[in-house]
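Results of the structural survey
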Amino acid sequence: METEVEMEMETDASRRWSNATEPWPDYLEPSDREQYRRYRKRQSYGSSFLSREKSPIHRLEGRVLYDEKEASLYPSPTLFLEDIKQEVESFDAGGLEASPGRHTSSMKKKGTYSDKKSPQFEDRLGTGTQSLHPFLKTAKEEADEISDSGETTFARFASILDSSLQGFISFPDLILQFENTCREVSELLREEATGRHRVIEDRFMRQKAQMLLDEAATWSLLWYLFGKGIEDNLGDIIVSPSTSQQEVRDFVMLDHTAQLCLRVVQWLEDLASKAVDFDKKVKGWYTGSYLHKSGVWHQTQRLLRKKSGSSMLVHHLDFDAPTREQARIHPEDQKQEQALLEDVWVLLRAGRLKEACDLCRSAGQAWRAATLCGNGGYDACPSIEALRKMGKNRTLQAIELESGLGYQRRLWKWSCYCASEKISEQDAGRYEAAIFAAQCSNLKRLLPVCTDWESACWALVKSWLDIQVDLELVRLQQSKSEQIKNNGAEPDGNDALGDLSMEGSSGPDVWPRQVLDQQPRDIQTLFQKLHSGDLVPEAVCRGCKEQHRQIEMNLMVGDVSHLLDLLRAWITPPSNDNTGSRPHGHPQMIRFGAHLVLVLRHILPDDVKDAFQEKLQLIGDLILNTYAIFLFTQRREELVGVYASQLAPYLCVELYVHMMELRLNDSVHVKYKIFRSAMEYLPFFPGEASKGCVSEILDRVLMRSREVKPSTRHVKTEDPGEQHREGCLEKATTVQWLCFTPPSTISDSELVKAELLARALQHSNILFREFALISIWRTTKMPVGAHMLLSYLAEPLKQPTELLLSLEHHNVSENLKEFQDWREYYACDALYRNWLKIEMDNEDVSPIELSSEEREKAAVAARQALNASLSLLERKYTPWLTGIQDMPQDTIEGEWLELDGIAMFRLSSGDCLQPDATACTALTSALYACAGELATERQLSVDISICTGDEYCINVVLRCTALKGDGIGPCTAEDGGLLASVMAAAFKGELEHFEEGVALEVFQLDASYINKEGFREAPAKFIVQGLCRRCCIPELILRCMQIRISLADLPDGVHQFHNELVELIASPDSGLHRLFSQQQLQEFLLLEREFCIRSMEAEEESSIDATSY
């Protein structure tokens, strides 16, 4: 019977061992055979294959042909054929490629970690983004479609941040979502880097994926340090008298250093735990997936049964046999043993003590599970979670009441120390020694297995935390013993710590000196040990130099000031960089730095933040501004508003001003993205001191658009007028920012819309005046700037104007009337230039060859132009550009009027004349002399200087005192007063004592009231309007005379427009004769004379024809 049982046991053991030592399949690669030997399964490729099916390239994988509907989705046949080519290549590859990852921990065979992108990602992300701006949601969706996986982080981070800034999610939750986003995008990048791209591209994608993983670790640390709250409500799990676990928990809560160490340990264990979860989720093998009883020494047992083997083989199968007998087990068993210990180490490193114990038990080594939980069978971590898991531990309370506080804990740690030293001395395995060393803070045996920065940091911080806890328990026990002695009672022998004499002890006679000497004294010393090559592997020292490791160490130390300096050095350009504020760091680091600054501003406690509040604001704004510029350069304008709203007001305004100027000539879609982002994230009206406002941004944009910039320098060319029109076009295009419809989601959208239109009317009238003075030349080229302004405002002015007219601070009714006047004037101007073009085309054809249709076309164009101009000139009740009173009510004598502008000398040939000091002096004298005796009475001053930004332009400043009728009270004459009359002579080229044929051509012109202190009070637009009347109306009448002459040859031309213009100018009621200069009146008379002669000739020819007929 006994023999049968033994044979059955041997057969069963052999069968189990044969399963455990089954040869690996032939189809496995050499790199996979070790995984197969340990885990009995090869890496699964199902997840990777399915992920490729969901990707844009492989969404049709598994099908050879495309149907017509799918083919029509492609914008071009080239892209369609390229996708077919990639699909064929995927069939050749077989879809069985693993997704390589960068290994950043000691778990080299486990790969890197990240959460697998699941269809529920948007749902998880949506928990904090349900109330995002619709525009930002749309932009995010568009960006996800057109960008690669690495670039979608910009839109995702902006969406999450927007939710938090609006108050929909807290900043601790914001940090967690940042971490999850980094992990998911990193995984997508690693899936793309599967060898289907070129080597350099794959390497770049892996580097970007690794950077995102490092960033995720930093966000996780930030949450553990500042986002994770402290829970102190333990409810009914508190026992009295308290246990060591409760005392430890109270100590960690009150001691800042211990609390920091605990959070860092939890952070590092969480990172390792996520790595284990990644292996379990994505790959077909994972830590701890062993066959049952695979830890039993089957090969050693077989040899012992056969009584064969070397003399170095153990003779017993208990776990102490190798140490006791100074022998070894079978090499295969030893290999299996080391693999088991390595996985136990991985689970302990991940803070999974229970899983490590379960792994030992499932492998047939229950005794090893007992050694891991030797401290009474409960978790020794001084956290609230461990205390809750333990509950009311009456057993521990009873033990400590009898033996002393923490007595059992000290015995267990001492045993672990002895075991780690003994195992190391016998070279029985570094992982087994490290497992015991981790329980007793023996860094000498623990650090050799820590091959990466995270593991080494975990070992140092956890050991230091355990030592702090142990010393605190010793102090508490000593205090309790002193109380007993003071009460007159003899302490129990077990309570006296002095009885625990330990060889080589130090300090409080309870801990080996070697262990205490290994521990850091503070957090800075801890990081010095990480940098020391004598204590840690070289890979750990290299890890300390990585950017995110430096960030994490500064966060742990709490040196935010140095952290800001590092970010500034990595992200912003150096001071000697003359290229401006263009970003020079890695895009992902720039993004991370901007979000880190924002999170630190909101999540740091006030007492911590006060020490570096100013530096956090200044450098933080610099980094945020750099990231906003980066988004702008990447054509992600819709994302800028989220970050610009967090800048200092002056920086926010400057940022949007530059963006609007650089995108001025882009498409309407791009410009509206900038406009809408400003509207949705910034207040429109000033009031909130911490943010820039849209109205200030628009004011700056409009003001800068009128400046003469060096880039628009007017050099001597064959056609300088073309450059003038380009400058006018740029000025006019700027007004389009005011014509966009604000989003309905903002507050008071209708009021903002009316405000924008009122500003557009006001600025358009300013530009109309300048454009009119530039376009008085009789050419066929249209003033494109003016007509563009009219087109911009055509649609907005069709809307109801009740709310617009209710705005009082912009003089809306007066601006609207002036706009209508200019619209009529430029309609007449367009008709004249159309006629002139037809007339010039007809001149190139001989009168004999000119057809009657062409003659009729010219006549129709002439009549249209003449009728429109006469309609404007003959207005009786509301003359053109009159009736507008803009003088301040409190204007008094002694105040000044000022007219300043930027102009250039233009010859009658159209060429530009470069000014010099002599020309400026001559112009000054000519302008002063033009005023005659009024120059002295009105204290006229003239200042002419060459522009610093353009050597072909001059600054012209005229100033005189204000008098009644000219700056004070109602304006008695609609001619702009003294300053307008002087400047009109310069624009017409009729200055006495100045070079003949040289006129001023204006680019910018403003008039204002100046108080006694020399400050501008209000615009004096009546001066510029009067100047426009002096220049435009005479030119319009002379154009009519020119058209009238062309109609003199027609039968009805003589009678229809015979004396209307002459009577209009001669009429004392119209006062138009005062607007003409001497030369203009002479030209008018010459044109009238020519008209009369041609009319008489036409009548004479008509009478001769009638007689002959």
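Parameters and conventions
- Residues numbered from 1 in each chain as written.
- Predicted model: local features only at pLDDT ≥ 70, side-chain atom pairs only at ≥ 80, totals over all residues.
- Heavy atoms only, no water.
- Helix = DSSP H or I, 4+ residues; strand = E, 2+ residues; numbered from the N terminus.
- Buried < 20%, exposed > 50% of the residue type's maximum accessible area, 1.4 Å probe, protein only.
- Contact = heavy atoms within 4.5 Å.
- Areas by Shrake-Rupley, 256 points an atom, 1.4 Å probe, with all protein chains shown as cover.
- Expected span 1.5 Å × (residues − 1).
- Polar contact = N/O pair within 3.5 Å; in protein donor to acceptor, adjacent residues only side chain to side chain.
- Salt bridge = Lys/Arg side-chain N within 4 Å of Asp/Glu carboxyl O.
- Phe/Tyr/Trp six-rings, centres within 6.5 Å; stacked < 30°, edge-to-face > 60°.
- Lys NZ or Arg CZ within 6 Å of the ring centre and 35° of its normal.
- Axes fitted to C-alpha atoms, helices over the stretch in contact; angles between N-to-C directions.
- Parallel < 35°, antiparallel > 145°, perpendicular 65-115°, else oblique.
- Nonpolar A, V, L, I, M, F, W, Y, C, P; charged D, E, K, R; others polar.
- Left-handed = near helix turned anticlockwise from the far one by under 90°.
- pLDDT = per-residue confidence, 0-100.
- Patch = residues over 30% accessible without salt bridge, like charges linked within 9 Å, V, L, I, M, F, W, Y side chains within 5 Å.
- Disulfide = S-S within 2.5 Å.
- Core = buried A, V, L, I, M, F, W, Y, C linked by side-chain atoms within 4.5 Å.
- Pairing = 2+ DSSP bridges.

1. Some thoughts on the overall build of the protein
- Tallying secondary structure elements over the protein gives 49 helices and ten strands in all.
- Among the 1109 residues that make up the protein, the fraction classed as buried is 53%.
- Within the protein, residue pairs in contact and separated by at least 24 positions form 72% of the contacts whose partners lie at least 6 positions apart.
- For the protein, the accessible area works out to roughly 51400 Å², and carbon and sulfur atoms hold 52% of it.

2. Thoughts on helix H12 (residues 256-282)
- With 27 residues, H12 extends 39 Å between its outermost C-alpha atoms, agreeing within 8% with the 39 Å of an ideal straight helix rising 1.5 Å per residue.
- Counting buried positions along H12 yields 22 of 27 residues, so the element is predominantly enclosed.
- Of the residues flanking the start of H12, the one acting as N-cap is Asp-255, its side-chain oxygen 3.2 Å from the backbone nitrogen of Thr-257.

3. A short note on helix H29 (residues 587-603)
- With 17 residues, H29 extends 24 Å between its outermost C-alpha atoms, agreeing within 8% with the 24 Å of an ideal straight helix rising 1.5 Å per residue.
- For H29, the buried fraction is high: 15 of the 17 residues fall into the buried class.

4. Section: the pattern of salt bridges
- One pass over the structure, following the stated rule, counts 57 salt bridges.
- Its salt-bridge partner being Lys-462, residue Asp-466 comes within 3.2 Å of it at the nearest N-O pair. Of this pair, Asp-466 and Lys-462 both sit in helix H23 (residues 453-486), four residues apart, roughly one helical turn.
- The class for Asp-466 is buried, based on a relative accessible area of 6%.
- Classification of Lys-462 as buried rests on a relative accessible area of 18%.
- The network of salt bridges with shared partners includes Arg-635, Arg-636, Glu-637, Glu-638, Arg-663, Asp-666 and Lys-673.

5. Focus on the side chain of Gln-259
- Looking at the element boundaries, Gln-259 is found in helix H12.
- For Gln-259, a relative accessible area of 13% translates into the label buried.
- Those residues in contact with Gln-259 that sit more than four places away from it in its chain are Ile-230, Val-252 and Met-253.

6. Comments concerning the packing of aromatic side chains
- The tally for this structure, following the rule as stated, stands at 27 aromatic pairs.
- The interplanar angle of 85° and the centroid separation of 5.0 Å between the aromatic rings of Trp-223 and Tyr-224 together place this pair among those described as edge-to-face.
- Its relative accessible area of 19% is what places Trp-223 among the buried residues.
- Relative accessible area serves as the criterion here: at 11%, Tyr-224 is assigned to the buried category.
- Considering the side-chain rings of Tyr-825 and Tyr-826, the 5.2 Å spacing of their centres and the 75° angle between planes classify their relative orientation as edge-to-face.
- For Tyr-825, a relative accessible area of 2% gives the class buried.
- Three or more aromatic residues link up through ring pairs in this structure, and these residues are Phe-768, Phe-819, Trp-822, Tyr-825, Tyr-826 and Trp-880.
- The ring of Trp-737 has Lys-671 sitting right over it, with the charged end atom 5.5 Å from the ring centre.

7. Thoughts on the environment of Ala-611
- Along the polypeptide, Ala-611 turns up in the loop between helix H30 (606-609) and helix H31 (613-633).
- Separated by 51 residues in sequence, Ala-611 and Val-560 place their C-alpha atoms 9.5 Å apart.

8. Points about the environment of Ile-551
- Mapped onto the elements, Ile-551 comes out in helix H27 (residues 547-557).
- In this structure the C-alpha to C-alpha distance between Ile-551 and Thr-218, which are 333 residues apart in sequence, comes to 7.6 Å.
- When neighbours within four sequence positions are excluded, Ile-551 is seen to be in contact with Thr-218, Leu-563, Leu-567, Trp-570, Met-589, Phe-592 and Leu-596.

9. What to know about the packing of helix H10 (residues 199-227) against H29
- In contact at an axis separation of 11 Å, H10 and H29 are set at 5° when each is read in the N-to-C sense. The pairing of H10 with H29 is recorded here as roughly parallel in orientation. Residue-level inspection shows Lys-208, Met-211, Leu-212, Glu-215, Thr-218, Trp-219, Leu-222, Phe-226 and Gly-227 of H10 in contact with H29, the latter providing Gln-588, Met-589, Arg-591, Phe-592, His-595, Leu-596, Val-599, Leu-600 and Ile-603.
- Of the residues assigned to the contact of H10 with H29, the class counts are eleven nonpolar, four polar and three charged.

10. Some points on the packing of H27 against helix H28 (residues 560-571)
- One can describe the packing of H27 onto H28 by two numbers: an axis separation of 9 Å at closest approach and a directional angle of 160°. Here H27 lies roughly antiparallel to H28, going by the angle between them. Both H27 and H28 take part in a crossing whose hand is left-handed. For the pair H27 and H28, contact is made by Gln-547, Gln-550, Ile-551, Asn-554 and Leu-555 and by His-562, Leu-563, Leu-566, Leu-567 and Trp-570, respectively.
- Taken together, the residues of the contact of H27 with H28 break down into six nonpolar, four polar and no charged.

11. Here we look at the confidence of the model for the protein
- For the protein, the mean per-residue pLDDT works out to 78, and 74% of the residues sit at or above 70.
- Note on residues 90-150: pLDDT under 50 across the span, and 158 contacts to partners over four residues away in sequence or across chains.
- Every residue in residues 491-509 scores below 50 in pLDDT, and together they form 38 contacts with partners more than four places removed in sequence or on other chains.

12. Structural notes on a nonpolar patch on the surface
- Taken together, the side chains of Phe-685, Leu-751 and Leu-803 present a nonpolar region at the surface, about 220 Å² in accessible area.
- Along the chain, Leu-803 turns up in helix H40 (residues 802-805).
- Judged by relative accessible area, which is 36%, Leu-803 ranks as partly exposed.

13. Some points on the state of the cysteines
- Scanning the model with the defined rule gives zero disulfides in all.
- The structure places no disulfide on Cys-1031, whose sulfur is separated from the nearest cysteine sulfur, that of Cys-1032, by 6.4 Å.
- Taking relative accessible area as the criterion, Cys-1031 reaches 3% and is therefore assigned buried.

14. Quick look at the nonpolar core
- One finds Trp-219, Trp-267, Trp-345, Leu-530, Tyr-643, Tyr-656 and Leu-927 to be the most contacted residues of the largest nonpolar core, which totals 268 residues.
- Broken down by element, the residue count for this core peaks at 16 residues, all from helix H46 (residues 1021-1047).
- If we ignore the near neighbours within four places in the chain, the residues touching Trp-219 are Phe-157, Ile-175, Phe-178, Glu-179, Cys-182, Phe-592, His-595, Leu-596 and Val-599.
- Formed by ten residues, the second largest nonpolar core is a distinct cluster that contains Trp-412, Tyr-417, Ile-467 and Val-515.

15. Topic: the pairing of strand E3 (residues 896-907)
- The element E3 is extensively covered by neighbouring structure, given that ten of its twelve residues are classed as buried.
- Pairing analysis gives eight bridges linking E3 to strand E6 (residues 954-961), with the strands arranged antiparallel. In the sheet register, Leu-899 faces E6, and the bridge partner there is Leu-958.
- Here E3 pairs with strand E9 (residues 998-1010) via twelve bridges, running antiparallel. By the bridge assignment, Met-904 is partnered in E9 with Glu-1001.
- As judged from the two bridges shared by E3 and strand E4 (residues 912-913), these two strands associate in the antiparallel manner.

16. Considering the pairing of E9
- Counting buried positions along E9 gives twelve out of 13 residues, so the element sits mostly inside the fold.
- Bridging between E9 and strand E10 (residues 1016-1019) involves three bridges; their strand directions are antiparallel. By the bridge assignment, Ser-1008 is partnered in E10 with Pro-1019.
- Here E9 folds back onto E10 in antiparallel fashion, the turn holding five residues, of which Gly-1014 has a positive phi close to 90°.

17. Quick look at unusual backbone geometry
- For Gln-326, which is not a glycine, the phi torsion comes out positive at approximately 55°.
- Mapped onto the elements of the fold, Gln-326 is located in the loop between helix H14 (321-325) and helix H15 (331-349).
- Despite not being glycine, Arg-635 has its phi angle at roughly 65°, a positive value.
- Secondary-structure assignment places Arg-635 in the loop between H31 and helix H32 (640-644).

18. Some remarks on the environment of Asp-162
- You can see Asp-162 is positioned in helix H8 (residues 152-165).
- Given a relative accessible area of 2%, Asp-162 falls into the buried group.
- Remark: the alpha-carbon pair of Asp-162 and Val-642, spanning 480 residues in sequence, is separated by 6.3 Å.
- A distance of 2.8 Å separates a polar atom in the side chain of Asp-162 from a polar atom in the side chain of Gln-166.

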